[in-house]
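Secondary and tertiary structure notes
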Amino acid sequence: MMKKMSIPTSKASLVLFLCQIISALDVPLDSKLLEELSQPPTITQQSPKDYIVDPRENIVIQCEAKGKPPPSFSWTRNGTHFDIDKDAQVTMKPNSGTLVVNIMNGGKAEAYEGVYQCTARNERGAAISNNIVIRPSRSPLWTKEKLEPNHVREGDSLVLHCRPPVGLPPPIIFWMDNAFQRLPQSERVSQGLNGDLYFSNVQPEDTREDYICYARFNHTQTIQQKQPISVKVFSMDSLNDTIAANLSDTDIYGAKPVTERQPVLLTPTGSTSTKVELRGNVLLLECIAAGLPTPVIRWIKEGGELPANRTFFENFKKTLKIIDVSEADSGNYKCIARNTLGSVHHVISVTVKAAPYWITAPRNLVLSPGEDGTLICRANGNPKPSISWLANGVPIAIAPEDPSRKVDGDTIIFSHVQERSSAVYQCNASNEYGYLLANAFVNVLAEPPRILTPANKLYQVIADSPALLDCAYFGSPKPEIEWFKGVKGSILRGNEYVFHDNGTLEIPVAQKNSAGTYTCVARNELGKIQNEMQLEIKDPTMIIKQPEYKVIQRYGQVSFECIIKHDSTLLPTVTWLKNNDELPDDERFLVGKDNLTIMNVTDKDDGTYTCIVNTTLDSVSASAVLTVVAAPPTPAIIYARPNPPFDLELTGQLERSIDLSWIPGDENNSPITNFVIEYEDALHEPGVWHYQTEVPGTQTTAQLKLSPYVNYSFRVIAVNKIGRSQPSEPSEQYLTKSASPDENPANVQGIGSEPDNLVITWEPLKGFQSNGPGLQYKVSWRQKDVDDEWTSVIVANVSKYIVSGTPTFVPYEVKVQALNDLGYAPEPSEVIGHSGEDLPMVAPGNVQVHVINSTLAKVHWDPVPLKTVRGHLQGYKVYYWKVQSLSRRSRRHIEKKILTFRGNKTFGMLPGLEPYSSYKLNVRVVNGKGEGPASPDKVFNTPEGVPSSPSFLKITNPTLDSLTLEWGSPTHPNGVLISYTLKFQPINNTHELGPLVEIKIPANESSLILKNLNYSTRYKFYFNAQTSVGSGSQITEEAVTIMDEAMASRQVDIATQGWFIGLMCAVALLILILLIVCFIRRNKGGKYPVKEKEDAHADPEIQPMKEDDGTFGEYSDAEDHKPLKKGSRTPSDRTVKKEDSDDSLVDYGEGVNGQFNEDGSFIGQYSGKKEKEPEGNESSEAPSPVNAMNSFV
């Protein structure tokens, strides 16, 4: 059975996608073929080179590869083999090289910081990934500092420094006030690129005490807040008033007015500066000037024009932004600040460097045995990158030799390859700004010919159109393709055929005699194969009678013809379009076999009508225009709103109803659809008209329902499709008789405001609901479940009554009944209320604490009797606080923490405890009035935990063969230290690590001298502490022993040279001059003392920011900075310290804003750790291996 395949003429060129101009063998993208052929590994997916991870979430390091057979995977970490099986926190996904580090189940992201590289290997070679640098994101706390108020004279310039903490990635800076509103910025006041707030000149309105700089760390979704900065601007008028108040009448005083000043640059300083930017990045240049009037900034490029379409001005033209910079953007950029008194300028010399980028990346090479080929790796950059080759992940200089391979700089030349020559080659192009790594395999295959196109395929084409017959093939060596026509036909040759490299046979103009059987033959030295296919030639589709241009009068009928001729074996479909869109969904359009008819033509039928005929092989179309003209003129009809009704008459007057009749006005050629009736109450709301009802437009009478004690007037409004008429004249007035109220007040409630009262409230009746004069209310109450009589009181038209002298928190039945001069409303329904609450009387008993682990405990208590609650039970509050650390025996300031548990719950979890510490707690019951007495304090201790890292590790006194190590005990021992563990290993010149040596050290030691080391050798040290629970996190450090005496003597010889002595003297003189300049500038800036009132301002608590609009949630004061969200936070100084562990209370209770289910269970998530601010100005962030981005191991 032949398979049918059609090739429309319009799509014939798409078949040519198989053609590839390539010197080596190409493997077609055939899934079945790819499954059978051997192939070296290819990396298909990997994590980015610089991979910043969230320390609160699992780390996923991607490495996916394909190959035949499927490759196996291995990893290196910091240049050495990473044994995944020995780390319980690390797993590798099945059939993949992707690593998953389980941080959410006890792992620490900082422990997995480093440089990772993945290798995918099978029997044909090994491919490697980029160096993937894993760094946890960090949002360190702001360093505490004393901020003095800024006293500035009006018109002077001012800079408010932000100096945000260094985070990873860097934070986004913005300024706000205490109300969390962004501070307005202008040409006069703006924020610089470094986050500082610049005032070109200050004005009196700049005086405020809440200039606050915020740093937003997007990666961890936290915001840090600097302490508020105070600015006070002294104007000349206020200064004059002060002087006048302190001088006698005879004294002469005066003050200089605000002096206008020429522009002076606040940043950058000096007249010139330099800037280096990388190719492809965004170039940002900034100039901010002081002066009065406020200077205007202008930018030019010396000797050239600013690049069009890539140049933008920001921050009121103070920032020049050029996107996608290239080497052509290097040059001198001048900013000019100008006001009415003069100008100042600054020239920034911009140099554009470039990390390596590809010119020609190496491509995979598939060769047959004995063939030749080349791998080319060409890259550019500034400076010019160096090219190095690797084979299967090993530098090619030390890789196994291959006689068919020759390396010539950026090219590898292969000659007479064999199957054993298959391998994966890596090209590394690197300079000081980065590197590129590309894998390209050489796959040597020996395969007999295969034809991939299905056999006996049927091709159908229209006569005089091109015909393309596919013969996709593969073989190694590359097969030769020949075509034959007919069963015993000869080989096809000649100009009437085109033979494509991918095996396709093209007949440029297929005729009827081109039909028949075609045979494709593929052969190489390993075999031969052939495939047959059929070609059929069809007659073209034609429109023998096309639609014609028509002009038709409005409301007439028109028809377009479309008669076609087509191949008898093809089934045509005819489609009509109007203005190249579908026909309107209108029953006036009738589509016949050969025509389109439009009935009752209107103006909107104007347009172009197209007949499209489609078959499976071709398509033809023809169009005609329809023009609609007006019919003979007729008088115009005017449509308008109806005239108002008139002659309103009231009949059939009753106490609760009346009949209203009227005469309609002229409908103005648009029928009246309905009448709207409105009424006025002249007694209660004169001049206000209310909706009463409406009736159909065919009706001219209506029976209206009435309420007692209302002085009615009515009016009628007519409505048609055009709109509403004017209201009719009002009817005569009709006053209904008074009656007792029909209804009682709504929303009756009984709630006590004090322990001895009951406040009864209700919604009063409206005026017309009173049904008569003298509206009052009868308020009744009695205690529920007690055989008491109702107590009642009649009050005036108010909405509240207070019952005094009630018992505390007892239920009452309450009802409120309306009455007037004619009687009472129907009997009201009763509602249940309660008298006022009082504080609970007793404390929860039998408080027990179960310590779960070193940071979590569970507390139990017995519920208090409901009668002693004396109010609505809200829940229980647990107060707990740390008394002392069991390891240090030192007390600290007691900070009580509170957790609230909703409802009648008898247990709760206490998170965020510190290991090896003594705690106290008590429990209190809570009602709507407040808290009850506290239970007796309960003491409990938390067990030991693992310690934090040692507070510091210093390496001093290097000699030829020894180093001295000094360390500090962990900031948080979390138990009794039993020992320290020191591991160290040498590092050679190629950054490879040597054997690891481990030493156990007693806990009471604080220094160690390591002897018998190699001279002039770098060592890496790993140091941590242990308690009985286990080992804490480690810190690392590197140090170098000094060189041997012979090398030292050579250094001495160089140092005695005259040129060297002169150079050192010049450097010393330059440093001395810089120190003098810095000392002078420091004295000029030290106008105000910085050590006064150090504790005058408490640190504001960092507030969460809504992701939508940058605003903040609730604000509260605290003693220390706190992160906005739970998660690990690591400061970023060179001294390594272990972070504190402090769980979020919000996750377990409602001390701040926790949430609970209706049964009192906690809603939230316990996760993360928070780090406290390091002491002093130090932080505890370990150095990250960023240099690995610019080199390849």
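The structure presented is a predicted model; accordingly, all values stated were derived computationally and were not measured.

**Structural notes on the overall build of the protein**
Across its full length, the protein carries five helices and 88 strands. Taking all 1193 residues of the protein together, the buried fraction comes to 43%. Looking at the protein alone, contacts between residues at least 24 apart form 66% of all its contacts between residues at least 6 apart. A total of about 62,500 Å² of accessible surface is found on the protein, and carbon and sulfur atoms cover 51% of it.

**Focus on the sheet that holds strand β82 (residues 979–987)**
Pairing is antiparallel in the open sheet, where four strands are placed in the order β83-β82-β85-β86. One side of each edge strand has no neighbouring strand; the edge strands of this open sheet are β83 (997–1002) and β86 (1035–1040). Neighbour-to-neighbour, the strand axes of this sheet turn through a mean angle of 25 degrees, independent of strand direction. Two strands pair when backbone bridges link them, and strand β85 (residues 1018–1026) and β86 are joined in this way by six bridges, in the antiparallel orientation. For Tyr1019, the partnering residue across the bridge sits in β86 and is Ala1039.

**Let's talk about the packing of aromatic side chains**
The full count for this structure, using the stated rule, is 21 aromatic pairs. An aromatic cluster is built from Tyr679, Tyr712 and Phe714, whose rings are joined through pairwise contacts. Positioned above the aromatic ring of Phe907, the side-chain terminus of Lys905 is 4.8 Å from the ring centre.

**A closer look at the pattern of salt bridges**
For the structure shown, the criterion picks out 34 salt bridges. One salt bridge in this structure joins Asp156 and Arg153, with 3.7 Å as the shortest N-O distance. Given the relative accessible area of 23%, Asp156 is considered partly exposed. The partner of Asp603 in a salt bridge is Arg554, and the shortest N-O contact between them spans 3.0 Å. Residue Asp603 is located in the loop between β55 (595–598) and β56 (607–614), and its partner Arg554 is located in the loop between β49 (550–553) and β50 (558–561); the two are separated by 49 residues in the primary sequence. Taken together, the salt bridges that share partners define one network made up of Asp177, Arg208 and Asp210.

**Things to note about the confidence of the model for the protein**
For the protein, the average pLDDT comes to 84, and 84% of its residues sit at 70 or higher. This stretch, residues 247–255, has a pLDDT under 50; its non-local contacts, to residues over four places away or in other chains, come to eight contacts. Every residue in residues 1048–1052 is under pLDDT 50, and counting partners more than four places away or in other chains gives two contacts.

**Brief notes about the pairing of strand β38 (residues 434–444)**
Within β38, 10 of the 11 residues are buried, which leaves the element mostly enclosed by the surrounding structure. Sheet analysis places strand β30 (residues 365–367) next to β38, joined by three bridges and oriented parallel. Note that in β38 the partner of Val366 across the bridge is Asn443. Pairing between strand β37 (residues 423–431) and β38: nine bridges, direction antiparallel. Opposite Val424, over in β38, you have Phe441 as the bridge partner. In this structure, the hairpin formed by β37 and β38 is closed by a connection of two residues.

**Points about unusual backbone geometry**
Omega for the bond connecting Lys68 with Pro69 falls within 30 degrees of zero, at 0 degrees, which places this linkage in the cis form. Note that Pro69 resides in the loop between β5 (63–68) and β6 (72–77). Geometrically, the link from Ser476 to Pro477 is a cis peptide bond, its omega value of 5 degrees lying close to zero. Mapped onto the fold, Pro477 is located in the loop between β42 (473–476) and β43 (480–485). Here Asn456, not a glycine, exhibits a phi torsion of approximately 60 degrees, which is positive. One can find Asn456 in the loop between β39 (447–451) and β40 (457–462). Not every positive phi belongs to a glycine, and Asn580 is a case in point at roughly 60 degrees. Along the chain, Asn580 turns up in the loop between β52 (573–578) and β53 (581–582). Using a relative accessible area of 68% as the deciding quantity, one classes Asn580 as exposed.

Conventions used here
Residues numbered from 1 in each chain as written. Predicted model: local features only at pLDDT ≥ 70, side-chain atom pairs only at ≥ 80, totals over all residues. Heavy atoms only, no water. Helix = DSSP H or I, 4+ residues; strand = E, 2+ residues; numbered from the N terminus. Buried < 20%, exposed > 50% of the residue type's maximum accessible area, 1.4 Å probe, protein only. Contact = heavy atoms within 4.5 Å. Areas by Shrake-Rupley, 256 points an atom, 1.4 Å probe, with all protein chains shown as cover. Pairing = 2+ DSSP bridges. Axes fitted to C-alpha atoms, helices over the stretch in contact; angles between N-to-C directions. Phe/Tyr/Trp six-rings, centres within 6.5 Å; stacked < 30°, edge-to-face > 60°. Lys NZ or Arg CZ within 6 Å of the ring centre and 35° of its normal. Salt bridge = Lys/Arg side-chain N within 4 Å of Asp/Glu carboxyl O. pLDDT = per-residue confidence, 0-100.

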